[in-house]
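# Observations on the model geometry
Each chain, letter by letter, is given below.
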Amino acid sequence: MNDKTRKLTETALLIALGTILSLIQFPGPWVNGGSITLCSMLPICIIGYRYGVRWGILGGVVYGLLQLLLGVNALRGISLATVVLSVLLDYLLAFGVLGFSGLFRRKIQNQSAAFMAGAGIAIVLRFLCHFISGAFVWDTILADTGLNWAGILYSFNYNGSYMLPELVITLVAGAILCRVFDFSKPNPIRRRAK
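So, a few notes on the structure that sits alongside this text.

The rules behind each value
Residues numbered from 1 in each chain as written. Predicted model: local features only at pLDDT ≥ 70, side-chain atom pairs only at ≥ 80, totals over all residues. Heavy atoms only, no water. Helix = DSSP H or I, 4+ residues; strand = E, 2+ residues; numbered from the N terminus. Polar contact = N/O pair within 3.5 Å; in protein donor to acceptor, adjacent residues only side chain to side chain. Salt bridge = Lys/Arg side-chain N within 4 Å of Asp/Glu carboxyl O. Buried < 20%, exposed > 50% of the residue type's maximum accessible area, 1.4 Å probe, protein only. Contact = heavy atoms within 4.5 Å. Patch = residues over 30% accessible without salt bridge, like charges linked within 9 Å, V, L, I, M, F, W, Y side chains within 5 Å. Areas by Shrake-Rupley, 256 points an atom, 1.4 Å probe, with all protein chains shown as cover. Expected span 1.5 Å × (residues − 1). Phe/Tyr/Trp six-rings, centres within 6.5 Å; stacked < 30°, edge-to-face > 60°. Lys NZ or Arg CZ within 6 Å of the ring centre and 35° of its normal.

### A closer look at the side chain of glutamate 10
Inspection of the secondary structure assignment puts glutamate 10 in helix α1 (residues 3-22). Only 2.4 Å separates the side chain of glutamate 10 from the side chain of arginine 50, close enough to count as a polar contact.

### Comments concerning the pattern of salt bridges
Tallying each qualifying case throughout the model produces 2 salt bridges. The shortest N-O distance in the salt bridge between glutamate 10 and arginine 50 comes to 2.4 Å. A residue pair is termed long-range when its members are at least 10 positions apart, and glutamate 10 in helix α1 and arginine 50 in helix α2 (residues 42-51) qualify at 40 residues. Accessibility classification places glutamate 10 together with arginine 50 in one group, the buried group. The closest approach of N and O atoms between lysine 185 and aspartate 182, which form a salt bridge, is 3.8 Å. With relative accessibility at 39%, the residue lysine 185 sits in the partly exposed group.

### Here we look at the side chain of threonine 170
Its location among the elements puts threonine 170 in helix α6 (residues 149-180). Classification of threonine 170 as buried rests on a relative accessible area of 0%. Within the local environment of threonine 170, its side chain forms a polar contact with the backbone oxygen of glutamate 166, the two atoms lying 2.8 Å apart. Setting aside its immediate chain neighbours within four residues, threonine 170 contacts Met41, Leu42 and Ile123.

### Topic: a nonpolar patch on the surface
Residues Leu58, Val62, Leu66 and Leu69 make up a contiguous nonpolar surface patch of about 350 Å² in total accessible area. Mapped onto the elements of the fold, leucine 66 is located in helix α3 (residues 53-70). Residue leucine 66 is classed as partly exposed on the basis of its relative accessible area of 33%.

### A few points about unusual backbone geometry
Phi angles above zero are rare outside glycine, and cysteine 39 is one such case at about 60°. Here cysteine 39 is to be found in the loop between β2 (36-37) and α2.

### Quick look at the environment of alanine 12
Within the secondary structure layout, alanine 12 lies in helix α1. Here the alpha-carbon distance between alanine 12 and valine 62, two residues 50 residues apart in the chain, equals 9.3 Å.

### Points about α3
Relative to the 26 Å expected for 18 residues at 1.5 Å per residue, α3 spans 25 Å between its end C-alpha atoms, a close match to the ideal helical length. All of the buried residues in α3 are Gly56, Gly59, Gly60, Tyr63, Gly64, Gln67 and Leu68. Packed against the buried residues of α3 are α1, α2 and α4 (80-96).

### Description of the packing of aromatic side chains
Aromatic rings in a pair are described by how distant their centres are and how their planes are angled relative to each other. The final tally for this structure, using the stated rule, is 8 aromatic pairs. Arranged with centres 5.2 Å apart and planes meeting at 85°, the rings of tyrosine 63 and phenylalanine 95 form a pair that is edge-to-face. On the criterion of sequence distance, the pair formed by tyrosine 63 in helix α3 and phenylalanine 95 in helix α4 is long-range, its members being 32 residues apart. Judged by its relative accessible area of 6%, phenylalanine 95 is buried. Ring centres of phenylalanine 131 and phenylalanine 156 lie 6.1 Å apart, and the angle between their planes is 85°; this geometry places the pair in the edge-to-face category. On the criterion of sequence distance, the pair formed by phenylalanine 131 in helix α5 (residues 111-143) and phenylalanine 156 in helix α6 is long-range, its members being 25 residues apart. Using a relative accessible area of 15% as the deciding quantity, one classes phenylalanine 131 as buried. When its relative accessible area of 45% is taken as the criterion, phenylalanine 156 is described as partly exposed. An aromatic cluster is built from Phe127, Phe131 and Phe156, whose rings are joined through pairwise contacts. Lysine 7 extends its terminal NZ or CZ atom over the ring of tryptophan 55, reaching a point 4.2 Å from the ring centre.

Shown next as structure tokens:
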């Protein structure tokens, strides 16, 4: 299998795995979107780490489109402008930024540290996308009161309530996988015990 075919195949499989993992959700109070999943961002972060930021962003956008298709019912009964802004901020941009997980691959020698630093930044960027959407798009549309501090605080708390656990789960699972596999190799072969 040549490198291009391997890259496309592996990316498709990781996006599919992330999509399946996104369906395994832990119950919580999130009625307007958001949930704690079983490491659903980890496969997308692995794409960014293995193949770089640009390819990771592309993989994240494709994953975001699949998430949009799975959650399209949340966009019913709202204005076209809100739909467009939500699609951009809550799906395409929010999942696309997960590609930034590859930021430190060649800058930090320790694979676990490089992955965790990049994935941490990527997930914080995803949180910011959802926070901005909640504070500036959904709050002004749903409350129809214009921008207010209550909406900003609500968006911060609401999105933080599921993104912080997602961050911890993804980083812990990623650190474990980085100790088992060498993601810098074309075939992430199992590392030998020392």
